[in-house]
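Working through the structure, step by step
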Amino acid sequence: MHSELDHLVWAVPDLDEGIKSLAQRTGVTSAVGGRHPGVGTHNALKDLGGRRYFEILAPDPAQDRFSSFGRLIQGIERPKLLTWAARTDDIRAVSEAAKDAGCAPGVVLSLSRRRPDGQSLSWKLMQISGHGFGPLLPFFVEWRADEHPSDVAPRGCRLSGFELRTPEPKPLRALLSSLGLDPSTVAEGVEPEIRAVLETPKGRVELV
């Protein structure tokens, strides 16, 4: 079982405004990705290098059905680096490892969305609860071997720093290790927080 950072989720109240704001800061305009039916969100993406990407996520005014996660995004009042996703090559193995670590893995969902070019993108997704770390622990995705959103996302930015800050770093490091993730991303901080540093055409940009 191997897991690694797949993408960062930057939640915003309005997708168009989020795209404009991030383009002004980075010099790279994110491309609209698509809608998430039944979740109540839509997104825009930019490539971060190394088969990783940055997702701008916002409530979708064209939808009237929202999942619990969609309702969380509806409540966003200002742009925020909300959570992150880990890519795995075996999501069932991650589920078993989470159980062994005393957590409660959720149902493995099969999801899809249609890209603006009409092509369908599909993946498996699983969330883990019962750990007390909130969004510092990622949700997990398993993509089809021949598909990844970064393949068609605008290039120009690179992820040069990623850090998970928490008042209790030791147990989070242990849990990440048990799930096949790099524990060195965890640092001690006053409050739980996700930080990312992007190298962009306009210089270094730090997001929280």
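The structure we're discussing is the one just above.
Just so we're clear, the structure is a prediction, and the values are computed from it rather than from any experiment.

It is worth spelling out helix α1 (residues 15-26) at this point. End to end, α1 covers 16 Å across 12 residues, agreeing with the expected 16 Å (1.5 Å per residue, within 8%). Regarding α1, the residues found buried are Leu15, Gly18, Ile19, Leu22, Ala23 and Thr26. Down the axis of α1, the smallest arc covering the buried residues is 130°, so these residues share one side. The secondary structure elements touched by the buried residues of α1 are β1 (3-11), β2 (31-36), β3 (41-47), β4 (53-59), β13 (193-200) and β14 (203-207). Capping the start of α1 is the job of one residue whose side-chain oxygen sits 3.2 Å from the backbone nitrogen of Asp16: Asp14. Phi turns positive, to about 85°, at Gly27, one or two residues after α1.

With that settled, consider the sheet that holds strand β12 (residues 186-188). Backbone hydrogen bonds are what pair the strands of a sheet, in a parallel or an antiparallel way. An order of β12-β11-β13-β14 is seen for the four strands of this open sheet, with the pairing classed as mixed. Each end of this open sheet is capped by a strand with a single partner; those strands are β12 and β14. The mean inter-strand angle of the sheet, taken between neighbouring strand axes irrespective of direction, is 25°. Sheet topology places strand β11 (residues 158-166) next to β13; seven bridges connect them, and they run antiparallel. Opposite Glu163, over in β13, you have Arg195 as the bridge partner. Its contacts with the sheet put α1 on β13 and β14, and the angle it makes with β14 is roughly 140°. Along the sheet, helix α4 (residues 169-178) makes contact with β11 and β12, crossing β12 at roughly 175°.

Criteria and cut-off values
- Residues numbered from 1 in each chain as written.
- Predicted model: local features only at pLDDT ≥ 70, side-chain atom pairs only at ≥ 80, totals over all residues.
- Heavy atoms only, no water.
- Helix = DSSP H or I, 4+ residues; strand = E, 2+ residues; numbered from the N terminus.
- Expected span 1.5 Å × (residues − 1).
- Buried < 20%, exposed > 50% of the residue type's maximum accessible area, 1.4 Å probe, protein only.
- Arc of directions from axis to C-beta.
- Contact = heavy atoms within 4.5 Å.
- Polar contact = N/O pair within 3.5 Å; in protein donor to acceptor, adjacent residues only side chain to side chain.
- Pairing = 2+ DSSP bridges.
- Axes fitted to C-alpha atoms, helices over the stretch in contact; angles between N-to-C directions.

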